[in-house]
There are 4 protein chains.
Amino acid sequence: MSKEKRILVNQENEIPFHNGMDFCVGTGRMFLALHKEYYEQLKMVQEAIGFKYIRGHGLFFSDMSIVHTYKDELGRDAVEYNFTYLDRVIDSYLSLGIRPFLELTFMPEHMASSGETTTFEWKANITPPKNHKEWTDMVQATLRHLLEHYGREEVLKWPIEVWNEPNQEDFWKDADMQSYFKLYEHTALAIKEVDPDFIVGGPAISGQLDEIWMRAFLEFVRDKKLPLDFVSRHNYIPHPPDKVGRYSYVKLCDIDFWLEPLDKTKAIIESFPEFKGIDIHITEYSTSYLPNCTIHDTNLNAAYIAAVLSRLGDKHVSYSYWTFSDVFEEKGVPFTPFHGGFGMVANNCIPKPTFWTFAFYKKLQGKCVHRSEEAIIMQLPNENYRGVLWNIDFKYNGEIMELLLQLPVKYNEYCLITKTVDEECCNPLKLWHDMGEPANLSAEQTAILKEHAVPLIKSESIVPVNSITEIKVTLNPNAVIYFELNRVERKTDRGYSYERTLKGEL
Amino acid sequence: MSKEKRILVNQENEIPFHNGMDFCVGTGRMFLALHKEYYEQLKMVQEAIGFKYIRGHGLFFSDMSIVHTYKDELGRDAVEYNFTYLDRVIDSYLSLGIRPFLELTFMPEHMASSGETTTFEWKANITPPKNHKEWTDMVQATLRHLLEHYGREEVLKWPIEVWNEPNQEDFWKDADMQSYFKLYEHTALAIKEVDPDFIVGGPAISGQLDEIWMRAFLEFVRDKKLPLDFVSRHNYIPHPPDKVGRYSYVKLCDIDFWLEPLDKTKAIIESFPEFKGIDIHITEYSTSYLPNCTIHDTNLNAAYIAAVLSRLGDKHVSYSYWTFSDVFEEKGVPFTPFHGGFGMVANNCIPKPTFWTFAFYKKLQGKCVHRSEEAIIMQLPNENYRGVLWNIDFKYNGEIMELLLQLPVKYNEYCLITKTVDEECCNPLKLWHDMGEPANLSAEQTAILKEHAVPLIKSESIVPVNSITEIKVTLNPNAVIYFELNRVERKTDRGYSYERTLKGEL
Amino acid sequence: MSKEKRILVNQENEIPFHNGMDFCVGTGRMFLALHKEYYEQLKMVQEAIGFKYIRGHGLFFSDMSIVHTYKDELGRDAVEYNFTYLDRVIDSYLSLGIRPFLELTFMPEHMASSGETTTFEWKANITPPKNHKEWTDMVQATLRHLLEHYGREEVLKWPIEVWNEPNQEDFWKDADMQSYFKLYEHTALAIKEVDPDFIVGGPAISGQLDEIWMRAFLEFVRDKKLPLDFVSRHNYIPHPPDKVGRYSYVKLCDIDFWLEPLDKTKAIIESFPEFKGIDIHITEYSTSYLPNCTIHDTNLNAAYIAAVLSRLGDKHVSYSYWTFSDVFEEKGVPFTPFHGGFGMVANNCIPKPTFWTFAFYKKLQGKCVHRSEEAIIMQLPNENYRGVLWNIDFKYNGEIMELLLQLPVKYNEYCLITKTVDEECCNPLKLWHDMGEPANLSAEQTAILKEHAVPLIKSESIVPVNSITEIKVTLNPNAVIYFELNRVERKTDRGYSYERTLKGEL
Amino acid sequence: MSKEKRILVNQENEIPFHNGMDFCVGTGRMFLALHKEYYEQLKMVQEAIGFKYIRGHGLFFSDMSIVHTYKDELGRDAVEYNFTYLDRVIDSYLSLGIRPFLELTFMPEHMASSGETTTFEWKANITPPKNHKEWTDMVQATLRHLLEHYGREEVLKWPIEVWNEPNQEDFWKDADMQSYFKLYEHTALAIKEVDPDFIVGGPAISGQLDEIWMRAFLEFVRDKKLPLDFVSRHNYIPHPPDKVGRYSYVKLCDIDFWLEPLDKTKAIIESFPEFKGIDIHITEYSTSYLPNCTIHDTNLNAAYIAAVLSRLGDKHVSYSYWTFSDVFEEKGVPFTPFHGGFGMVANNCIPKPTFWTFAFYKKLQGKCVHRSEEAIIMQLPNENYRGVLWNIDFKYNGEIMELLLQLPVKYNEYCLITKTVDEECCNPLKLWHDMGEPANLSAEQTAILKEHAVPLIKSESIVPVNSITEIKVTLNPNAVIYFELNRVERKTDRGYSYERTLKGEL
C-alpha cells in the first residue's frame, strides 16, 4: 500500500514560515538540572539542536532550598535565602549556551494557604500564598540576587512566567481563577518593582476552559493596567488516554484539531486592541500530556511533531516542546529506559526519533519555497535547498509515501544528501523491545542502542535536466527525512577515477 | 542477479580458528606518531578495535633525530643520542594501550655505505652500514635507553624485527642477500648482548624471490647458530597495478591465490627441524601494496579483508594490516582525503569500510562453529552466537547474496542484531565522490562523512522453531555484516505493551 | 615562638605501620551520587588519592526509589522494585574505580513501625520494620538484582553493614539495643541466604555507651551463632560543640584521647575467642561529628588528621574519613561554599587542606623507618625516602616547629622535594574569608580559590656528608609537609651549566 | 641586601599605556603546528593568555608540501598545489581562537636561484626566486585557496609579511637589499591583485644595519608607490652570546639600550610624511636571539620581559614574543626539556616563568595610574586595582626589593590578592636541575614540574586608613608579582565567625 505525491517548487514564491522551534524547550523540575545524567542529555541536545531558553517547574520547590524561616536572636520570625542550588543550575545552563525561561512555582510549605493540596509524586504545594507579601518578597529577593550575580544585561533577557496551568486542579487549588489573578497582580507588580525591564507574562493555561480563562485574564490585566509582556499557554492532544498498570496509551488527533485551541486563543488576544500583536509563547506542547504515555518514544511521535513544527510558528513567537529529557520524576522515577517519557532523549543518553525531528528543523534556514501536509522546503541564499519530509501513519496501516520533488536549479551538478529516521533504520524503542525490554541496561546494550538511534545517511549525484532536479523519495510509515541539495563544483584530482575504482583495474 | 546459500550450523563441531587480527597493526613512519591527527586516528582505532602492537618504518630515520655526531673538546669524532622524540612517540603509544613492534630502519646518513640510494618521497637511506659497529652501537644505545626509561618488564615485550623487505630493491641496496644476512647477524647478536630475553626476528621479506630468500635466511641462521625468535614476512596482491596521474588501480586476485606465498613460506619453515613451529608474524599485508591504490577506500576492500581474516590465523601468530591510518607520506602528502591510502581511517578521522571489518572481527570470541567462503560463526560460552558475513563482488557485477543461517538454540526467545556495512549504507568514498571530490573538507562536510561512515544497525525478535533459529540475511555486493544472536529473557513492565504502543489506543 | 626536634632515622629498624587510609571513604547519602557536582568532586578525589570503597547512608531512602507497593489486578497488595537510580549510582562509582561499601539504611515509610521518628533535614525514617520479612525481602531483592546485573565476582567484593549508629537516638528509635539485634539477625541471615559469600558486619556504633553495646552485640552474635565477617564502629571528637546560628565550634582533644574508645573496642573484641583477630572497619571518623563545624575547613584539621592517620592502622583494617565531599544535605543545603562541611573538598571542587593530607599519605609505601608525634617516614625498596610531617597547633599559639631529619643514604647526590600545605600557602578558607565570605562564588573567585588551594612545592639539591643527608624543615603552625628524598644520577648535557645560566654570561 | 621604594598613586592622573602584548605570538615553523605536543602547548597558552595572532616561518617550506611540479600528459612542466597540511594547521589555529599572521617564507627548491644557501638544521632555502612569476603564482594560489576555503571576511583579517630578516645572511642570500626589494615589489603587488583589502607589510628586518635598511626600504616603497599597510621589524639583545657545547650564554643589557633600535626605527618612519603613523608590528622579540640560550628558561627572563612589556606598546601596535613554545627545531630537536629554548612553555607542557609574565599582563585592563622601572598599575572602571611588579636582578647579586604601594580607595574593606613567580616558589628550571637535569622525564617528574611551575597565591584583608590602602610587597630577586586589590562587601553568614574558627571553641 502506498500513496504518491508530486511537489513542484517555484522558487519565485516565498511562503510565510517562522521557524521558532529552537527558542525554548521544556524540562523536568529545576532541581533535576543538578543531575549528571541531565547535564549530559542537555549537552547532547545543545550540540545537535541548540535551544535558546529552557523552562520547567519548581524554581521554588523545597529541593531548590531557596527560602527558609528561622527565629532570630530575639526570637522573632525571620526569613533567609539560599541560592546555592539555584546558581549551580543556572551556571550549568549558561555553560551549555541556554538561558532560563523562569516559571514561578510552587508554593513553599510555610507560605501555603493549605498544606494538603499537592501535585506530583514529589508533592509540590499548589495553593495560593497565605500572604502575598511573603511570596513577592521571595520573588524579589530571588530576582535581586540574580541581577547582582549574573548582571542586569544578562538577567533581563530571561522571561518570567507567573505560575503554571492555574486552570487545572492539578496545578492550582480548585483551579480558581480569582486567586490566580490576584497572584498574577501581586507578582507582576513586584517583578516590575525590581526592574521595569523584566519581561513578565502568563497565564500559562492548558486546555480546560481555556477560552474563558484567556478572555477573563486579559480583561483583568487590562482593567487593572497590569504589566503583561507576553501571553502564554500550553497545548496537547486533548483526548483522555487509556491507562494500564504504569502506562497510558493515547490516540492521535489530526493536526488541525490539535491546533484549534491555539487558533482560538490567538483570536481572543487579537480581539483586545491593547494586546493585539503581543508575543505568544506556547510554553508547553507535545502529543500526550502524560509522562508515561508510550507514544512519546515512537517514530509516529517524530513524524507528528514534524508536521506540528511546520505550522506552530504561524501565530506564535515560540513553542517549547515538553520536554528535552526523560530525567523527569512527576510520576516517580521511571522503571525502564523507555517508558513513554516526555523527553526527546531517553535515559542513558539515547536520542528518540523526535530528537532528530528537531535536529532536522534546526537546519531550515533561508526562505520557505514549499509547505504542505508532508513537506517543508527552504532555499538558502546560495540557492541550495534544505527540506524536511514526513509520512504520519495516522491510520496505523503501514502506508508508504512516494514523493517526487521537482526543484528548479541553475548549475549543472548537484549532490543530494538525505538523513532518514524511520521505524526500520532508527527506532531505538523497537531495538529495546527486541532485547526483551530490559529495565536496567548493560553498558553494551546502551552502546548499541546509541549506535542504532541515528539517522541513515545516503547521497546521490544529480545532473539536472532542463534546470530541474527531480528527486524521488520513499518515506516508510512514520518516516521523517531531512534532505539537502547542494551545488557541486567537481574538482577531480589528477588521475583519479571513481568509476574505475569501483570496477577494478579493467 | 543474486546467489543463495544455506548455512546449517552444528554446534557440536568445533572448527579450528585462530583470531589473531588484533595482535598488530601497521603505521606510517614513526615520526608521524607525533602528529595530532595521527593520535586522534589511533585513539579511534584503539577504542573501536584495540590492537596490541604497532609496527612501522623509520625508527632511525633522520626526523626521529636519534643519532648525532660531533667533535669533542679534543676534536675527535664522537656520537651522541637524542631520545626526545622516541620517548614522546612511545609515551603516546602506551597511553593508547598499544606497544611498539620495533622495526630497525633506516640507515642514518653518516653511517650509510652510499648516500645515493634512498626510498620514499622523504628519501630514507637503504644502504648497508659502512661499519656495522656504528650501527649496532646505535641499536644497543637505543635499547638500553628504552630498558632504563620504560623498565625491563615492559620493554622485553616489544618484538624487534631487523630491517624491512631486504628482498626489494626499494628497501635494500640491490636487494642483496648477503649484506642483509650480515646485517641480521650483527644486529641480532648485538640485541641479545643487551638482554638475551629480547625477542628478535626477520627477514621481513615481501613477494619477490621470497622462497629463495626464506630458505637461504633460515640456512644462514641455522648454520651460524644465530638467535631467531620469530620469522616475519609480508603479503599483498602481487599483480602490478595500472598507474594514472597520482593514482594506481589494481585488480583483485582470489583469496587462495593471495594466500599461496604464505603457505609456501610456512612449508619452507616447517621443513627445517630447528624452526618447526616457530612463531610466524605477517608484519604487513593488505590488498594493494601501493598507498595511492584506490581499492583501499572501498567496500570491496572491506569484504576482501573479511575473507582474508577468516583464514590468516591458520598458520600465523599474527598479521598486521598495513596500515591503520592515512597519515602517511611515502608518496608525499595526500592531496585529497580519499586517495587510496593504506589506512583503515581516512584523514579527518573518517572510518573507511575496512575499519568496520576489523571492529566486527574483534567481537569473534568463543568457539568457531562455521567457516566458509562467505561466513564465520562463533558461539560464546553462554551459547549466544556472533558472526561475520561477507559478499565479495569479485566480478564487479553487483550480485546480491541471500544467506539462510540455521542455528541450533536452547531457549525460547532470541534477539538478532545485525550491523551492516555496504555500498549503500556505509560508503564514505561514494558520499565524498557525490560531493564533488573536494580536496579540502569543510567542517560540515567532515561531520556528515563521519555520521555516514557507520554501520546500519537493525534488530529482530526471533522465536525459534524446533530449537532452530532461522535467519535470513541479504548481503548487497561487497557487504560485510556482523550479527549477534542473543538469548532474551523478556521482563515486560507492569502495564507496558509494545504492540499497543505501535497501534494507537485502539 | 618555636620548638625544635631532631629525628635520626636508623634504616635497620622497621617500624610497624599499616597504611589503610585509602580503603574506604565516606559520602553523603547515596542519591547525591547522581549530582554532577558530586561526580566531579569524586573524580578529583579518585585521581589525586584513589579510594577503594565508598560508604554512605540512604540506600533505601525514598529518593533512591527502590521499593514500591501497589494493588495488583486482583486488588491485592503487591511490591515491586525499581533499580534505575541504584544502578546509575553504581555505574558511576565503578567508572571512577571505586566500589560501594553497602550500608543498609533507612526504613521505607510503608515498612516502618512508626512514621514519626526521623532524622536529618530530609526526614529519614529510623524505626524498626513493622515486619522483618518485608525488610529482608527488599534487601534480598536488591542483592539479587546486583548479583545479576554486576556479576557475582564483582558484587561479593562489596561489604555489607547492617544499619548505622543504632546506639544513637538520632539513628535508631530509642537507641534500642534489642530491636537492633533483631534487625541484625534477620538481615545477616537473609543476606547469607542469597549468597553465603557475602561479607556482613555491624554494629556500626558511635560513641554513646559503645562499650556496653559492643560487648552485648558480640555476645548476641556468638550466642545465636550468627554470621559476622567484620566489626564496625565510628569515632569523632566526643566533646559537645558550641552552636551559634547555623554553625558549631569544637575544641580539639589530644590524639590519645581521640583513640581511646577505639582501643577499648579492640580490647573487647579480642576478649571474645570467637572474634579475636576479626577485621575491624572504622566506617566513619573525623574531628567533629557535625556537618557545620567550622574546624573541617581548616589547616588545623589537616594536621590533626595527619597525626590520626599515622596511628589508625595499628588496630584496624580500614578507616573511612567522613566524608570526601561537601555535597551533603544532612543539615540542609549549605548556604556558603565554606561552612564547616565534612568534606575533603569544598563545593565548586575546591580542595580543603585535609584533601592534601590524604594525597600525601597515599604516597607512603615501603617500610616505615620512623614514626612519632610529628612525623612518619618510609623507605622505598630503592632506598629513597618518603615522609609526612605535621605541626598541630593544639594551643592556638602559632608555634613554629623546626625539624632536623638525619637520613642515612648510600649515594652521593640527592634531590629533596617538599610539598607544603599550611595557613599561608594553601588555605582556601582564609582566601574566601578575605574575599568577604561570598555565599555564591563567581567563576573568577572559584578559579583563584582552586589555584590557591594547592601545595607549595620546593626542591633542594643535597650532597650527603658521611652517608647522612641532613634536612632542616620549618613547619608553620598547622603545616602538613610531604617530602621525598630521591637519589640523583646527574647527566648534564654537553655544554650546559646551570650555575652559569644563573649568573649571566660572566 | 635590599632596596626599598615607595609608590604613591594618584588616580586622577591617567598615564599613557598601550597594552599590545596579546596581539601576536611567535612560533616554530608552520609544519610543527601539526604536532600534538604543539597543539597542547598552544591550547594551554590560549587558555591562560589568549593571543589574537600567531606568526612563524616556513609557510612554503617543503614539509608543508604546498607546491609541486610535474609533467602533464603532453610532457610539459606543470604546477599543482596541495593545501592538505596548510588547512590542517589553520583549522587547528582557528579552533584555538588564534589567527595566522602570514609570513611568506621560504623559497621552494625548484624556484630557488641557488640550491646551496640554506638556513637552519632543516635546510630552508633562502635565495631569491629564479623567476618572480613562479613565486607570486604560488602566493596567489595560496591566498585564493584561503579566501575560498575560509571566507573573505575571515582571511582579510590575516596580515601578510613579505619574508623574514632579509638583512641577515642567515635568512636572505648575501643579505642583499635590492633583491629583497624586488621580492617585496612583486609580492605586494601580487597580493593586492588577489584582493586589494589584504594587509601587506615588511621588511621584517632584525638588528644588522637596520637603520640603513629601514630608510632604503621606505624610500623604495614610496618611490615605487607600492602598497605598504604596516612596517615590521625584530628586536633582541644585540650582544653576541658565548657558546659552549650545545648551549649559549648571554649577558643582559639594560632596557633602554634594548629599546634604542626600535626608537630609531620609529624616528625614521616618522620622518617620512607618507608613512607617519603607520602601524608598526614588532614581529619578533625576546632577550637572546638563539634557541639554545639558557636565559630563556629563567626567572630573570620573566622579570626582564615584564619590564619590556611595560614600554613596548608606546610606539608599536603589536609585539610578538618569540616564541610561545619549545616545540622548535631550528637547531635540531632539543636533547633535554630545559635547553634555553625560545618558548614560554617547555616541552611536556611545563610553563616557564615568562609564561606567567604574559598571563599577568593580560589582566592589565582599565586606565594606567602608575608606571615605573619596577611596576605598572591599572585601575578598572569599578575602581579596583590590578598591577604587575618586578625586580630584575641585573647585577646577579640577589638583591631583594621592598615596595610600598599607597593606593587611594573609596570603600572600607579591600582584599589584596598576590600571585608571585620567583626563583623560590615557581622555578621549574631549578627543580629540573635539582632532579639531575634528566633528558627524558618520567611521567612522575613531569607531573611534579607542572605542579611546581605555578604562581604562589596569597591574600590579605585590608581596611584602608584615610582612604588609602597601604600595601607592602617584598620582591625576591627576579620576582614578578601580579596583584589585585578588590573592594569587599562582606556578608558573613548567620552564626559564622572566622576568628572563632581559627581559635578553637574558646
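Chain A goes by Cellulase family glycosylhydrolase in an unreviewed UniProt entry, where it is assigned to Ruminiclostridium herbifermentans. Regarding chain A, the relevant UniProt record gives this comment under Sequence similarities (unreviewed entry): "Belongs to the glycosyl hydrolase 39 family."

**Student:** Explain the relation of the copies chain C and chain D to me, and be specific about the residues and the numbers.
**Tutor:** For the pair chain C and chain D, the best superposition has an RMSD of 0.1 Å and corresponds to a rotation of 180 degrees with a translation of 0.0 Å parallel to the axis. In symmetry terms, the pair is related by a two-fold rotation axis. For chain C, the smallest separation between a C-alpha atom and the rotation axis is recorded for Leu456(C), amounting to 3.6 Å.

**Student:** So what's going on with the confidence of the model for chain A? Residues and values would help.
**Tutor:** Per-residue pLDDT for chain A averages 96, and the proportion of residues at 70 or more is 99%. ipTM for the predicted complex: 0.95, alongside a pTM of 0.97.

**Student:** For the interface of chain C and chain D, give the residues involved together with the corresponding values.
**Tutor:** The partner chain D presents 58 residues to the 58 residues of chain C that form the contact. A buried area of about 5600 Å², summed over both sides, lies between chain C and chain D, and 54% of it is on carbon and sulfur atoms. By the criterion of area lost to chain D, the three top residues of chain C are Tyr249(C), Tyr496(C) and Tyr498(C), representing 12% of everything that side buries. In this assembly, chain C and chain D are joined by 10 salt bridges. Across the pair Arg500(D) and Asp242(C) runs a salt bridge whose closest N-O atoms are separated by 2.3 Å. Put simply, the parts of the chain that give the side of chain C that touches chain D at least two residues each are strand S13 (242-244), strand S14 (247-249), strand S23 (414-421), helix H10 (428-434), helix H11 (443-452), strand S24 (456-462) and helix H12 (498-502) of chain C. A breakdown of the residues in the side of chain C that touches chain D according to their chemical character gives 21 nonpolar, 15 polar and 22 charged.

**Student:** Any details on helix H3 (residues 132-150) of chain C? Residues and values, ideally.
**Tutor:** Residues and elements named next belong to chain C. Taking 1.5 Å per residue, 19 residues should reach 27 Å; H3 reaches 27 Å between its end C-alpha atoms and fits that length. Capping of H3 at its N-terminal end is provided by asparagine 131; its side-chain oxygen lies 2.8 Å from the backbone amide nitrogen of lysine 133. Just beyond H3, the residue with positive phi is glycine 151, at close to 90 degrees.

**Student:** Describe the relation of the copies chain B and chain C, listing the residues and the values that go with them.
**Tutor:** Each copy superposes on the other: chain B lies on chain C with an RMSD of 0.0 Å after a rotation of 180 degrees and an axial shift of 0.0 Å. Taken together, the interface assignments show that 100% of the residues at the interface of chain B recur at the interface of chain C, consistent with an identical surface on both copies.

**Student:** Summarise the pairing of strand S12 (residues 230-235) of chain B; cite the residues concerned and give the values.
**Tutor:** Residue and element names in this part refer to chain B. In terms of burial, S12 is a largely internal element, 6 of the 6 residues being buried. The alternating pattern of S12 places Phe230, Ser232 and His234 on one face and Val231, Arg233 and Asn235 on the opposite face, and all of these are buried. Judged from the 4 bridges that link them, strand S11 (residues 200-205) and S12 form a sheet pairing that is parallel. Along S12, the bridge assignment pairs proline 203 with serine 232. Read as a crossover between parallel neighbours, the route from S11 over helix H6 (residues 210-224) to S12 is right-handed. Note: S12 against strand S15 (residues 279-285), 6 bridges, orientation parallel. Note that in S15 the partner of serine 232 across the bridge is histidine 281.

**Student:** Give a description of the side chain of Ser114(B) that names residues and reports values.
**Tutor:** Residue and element names in this part refer to chain B. With respect to the helices and strands, the residue serine 114 is situated in the loop between strand S7 (102-104) and strand S8 (118-119). Serine 114 sits in the buried class, given a relative accessible area of 17%. Of note is the side chain of serine 114, whose polar atom sits 3.2 Å from the backbone nitrogen of glutamate 116. Setting aside its immediate chain neighbours within four residues, serine 114 contacts Asn125 and Thr127.

**Student:** Please provide a residue-by-residue account of the side chain of Gln379(C), values included.
**Tutor:** Residue and element names in this part refer to chain C. By the secondary structure assignment, glutamine 379 is in strand S20 (residues 375-379). Overall, glutamine 379 belongs to the buried group, its relative accessible area being 5%. Of note is the side chain of glutamine 379, whose polar atom sits 3.2 Å from the backbone oxygen of glutamate 383. Polar side-chain contacts of glutamine 379 include one of 3.3 Å to the side chain of tyrosine 385. Setting aside residues up to four positions removed in sequence, glutamine 379 forms contacts with Gln11, Gln365, Gly366, Lys367, Val369, Asn384 and Tyr385.

**Student:** So, the UniProt feature "active site" (unreviewed entry) in chain A: which residues are in play, and what are the values?
**Tutor:** Within this numbering scheme, the UniProt entry marks Glu165(A) as carrying the feature "active site" (unreviewed entry). The contact partners of Glu165(A), leaving out residues within four places of it in the chain, are Phe171(A), Trp172(A), Ala204(A), Ile205(A), Ser206(A), His234(A), Tyr236(A) and Glu284(A).

**Student:** Mind laying out the packing of aromatic side chains, listing which residues take part and the relevant values?
**Tutor:** Residue and element names in this part refer to chain A. Counted according to the given criterion, the structure contains 169 aromatic pairs over all chains. Measuring from ring centre to ring centre gives 5.0 Å for phenylalanine 181 and phenylalanine 220, while their planes differ by 25 degrees; the resulting arrangement is stacked. A residue pair is termed long-range when its members are at least 10 positions apart, and phenylalanine 181 in helix H5 (residues 177-194) and phenylalanine 220 in helix H6 (residues 210-224) qualify at 39 residues. Summarising the burial analysis for this pair, phenylalanine 181 and phenylalanine 220 share the class buried.

The rules we used
- Residues numbered from 1 in each chain as written.
- Chains lettered and ligands numbered in written order.
- Predicted model: local features only at pLDDT ≥ 70, side-chain atom pairs only at ≥ 80, totals over all residues.
- Heavy atoms only, no water.
- UniProt positions renumbered as here; feature names shortened; annotations may be inferred.
- Least-squares fit on C-alpha atoms with pLDDT ≥ 70 in both.
- pLDDT = per-residue confidence, 0-100.
- Contact = heavy atoms within 4.5 Å.
- Buried area = accessible area lost by both parts, 1.4 Å probe.
- Salt bridge = Lys/Arg side-chain N within 4 Å of Asp/Glu carboxyl O.
- Helix = DSSP H or I, 4+ residues; strand = E, 2+ residues; numbered from the N terminus.
- Nonpolar A, V, L, I, M, F, W, Y, C, P; charged D, E, K, R; others polar.
- Expected span 1.5 Å × (residues − 1).
- Polar contact = N/O pair within 3.5 Å; in protein donor to acceptor, adjacent residues only side chain to side chain.
- Buried < 20%, exposed > 50% of the residue type's maximum accessible area, 1.4 Å probe, protein only.
- Pairing = 2+ DSSP bridges.
- Right-handed = clockwise from strand over helix to strand, strands pointing away.
- Phe/Tyr/Trp six-rings, centres within 6.5 Å; stacked < 30°, edge-to-face > 60°.

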